[in-house]
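So you can see what is in the structure, the chains are spelled out below.
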Amino acid sequence: MKSQRARIGIVTVSDRASAGVYEDLSGQAIIDTLSAYLSSEWEPVYRLIPDEQPLIEQTLTALADEEACCLVVTTGGTGPAKRDVTPEATEAVCDRMMPGFGELMRAESLKFVPTAILSRQTAGLRGDTLIVNLPGKPKSIRECLDAVFPAIPYCIDLMEGPYLECDEEVIKPFRPKK
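Residues numbered from 1 in each chain as written. Predicted model: local features only at pLDDT ≥ 70, side-chain atom pairs only at ≥ 80, totals over all residues. Heavy atoms only, no water.

Draft legend 1. Region of interest: a nonpolar patch on the surface. Together, L110, I117 and L118 line one region of the surface with nonpolar side chains, adding up to about 300 Å² of accessible area. Summarising the element assignment, I117 is placed in the loop between α5 (99-110) and β5 (123-126). (Patch = residues over 30% accessible without salt bridge, like charges linked within 9 Å, V, L, I, M, F, W, Y side chains within 5 Å. Areas by Shrake-Rupley, 256 points an atom, 1.4 Å probe, with all protein chains shown as cover. Salt bridge = Lys/Arg side-chain N within 4 Å of Asp/Glu carboxyl O. Helix = DSSP H or I, 4+ residues; strand = E, 2+ residues; numbered from the N terminus.)

Structural data, given as structure tokens:
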């Protein structure tokens, strides 16, 4: 079990936010949520990019391979619009897919909105990195992370990544009893 400081990639995929049309509230929502969850030291590695599949792939690859992020969380680009290509970019760079993440996020979102079935979030593994696609709205980001995050520290343990400690008053990670 490694105890080094975790590096976590946060990628907002948005044409308009990356062009400065509006502020990136979604990326900040991820940072705020992870800051509330994690009691161990971690470092955000933030990127704001447009909806361009080659650029998304390049960014995810760099965060995994060069920046050594144990976790990369994306927001945006998961809907049915033609420019929503984050899941395709994620699948293109991952060695193995983790479909349970998307299934659980959609199930959780369906409790709030019937259009959750239009969401195409997914997750996958690239080397030593777990990549998770989240929706683009800050409220939905928290709802989805609340659902899937309990499994993330153990997933990273299994990948021999840094040990993520959580504030159990906020979120309780699942780890099997030894």
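Still more ground to cover, so stick around.
Draft legend 2. View of the nonpolar core. Counting 32 residues, the largest nonpolar core has L71, L130 and F149 as the members making the most contacts within it. Contributing elements (two or more residues each) for this core: β1 (6-13), α2 (25-37), β3 (71-75), α5, β5, β6 (129-134), α6 (138-148) and α7 (152-158). Considering each element in turn, this core owes the most residues, five residues, to α2. Among all residues touching L71, those that are not within four sequence positions of it are R7, I8, G9, T129, L130, V132, F149, I152 and I156. (Core = buried A, V, L, I, M, F, W, Y, C linked by side-chain atoms within 4.5 Å. Buried < 20%, exposed > 50% of the residue type's maximum accessible area, 1.4 Å probe, protein only. Contact = heavy atoms within 4.5 Å.)

Draft legend 3. Up close: the pairing of β5. With burial as the criterion, each face of β5 is covered, one bearing A123 and L125 and the other bearing G124 and R126. Bridging between β5 and β6 involves four bridges; their strand directions are antiparallel. The residue bridging G124 from the neighbouring strand is I131, located in β6. (Pairing = 2+ DSSP bridges.)

Draft legend 4. Layout of the packing of aromatic side chains. With the rule as written, the count across this model stands at two aromatic pairs. Considering the side-chain rings of Y37 and F149, the 4.8 Å spacing of their centres and the 45° angle between planes classify their relative orientation as tilted. Of this pair, Y37 sits in helix α2 while F149 sits in the loop between α6 and α7; the two residues are 112 residues apart in sequence, bridging distant segments of the chain. Residue classification places Y37 among the buried residues on the basis of a relative accessible area of 0%. On the numbers, 6.2 Å between centres and 90° between planes, the contact of Y154 with F174 is edge-to-face. On the criterion of sequence distance, the pair formed by Y154 in helix α7 and F174 in the segment after α7 is long-range, its members being 20 residues apart. A relative accessible area of 52% places F174 in the exposed class. The ring centre of Y163 lies 3.8 Å from the NZ or CZ of R175, which sits over that ring. (Phe/Tyr/Trp six-rings, centres within 6.5 Å; stacked < 30°, edge-to-face > 60°. Lys NZ or Arg CZ within 6 Å of the ring centre and 35° of its normal.)

Draft legend 5. Molecular detail of the sheet that holds β1. Strand order in the open sheet made by the six strands is β2-β1-β3-β6-β5-β4, with mixed pairing throughout. Bordering the open sheet on either side are β2 (42-49) and β4 (96-97), each of which pairs with just one other strand. Along the sheet, α5 contacts β4, β5 and β6; its crossing angle with β6, the most-contacted strand, is approximately 25°. (Axes fitted to C-alpha atoms, helices over the stretch in contact; angles between N-to-C directions.)

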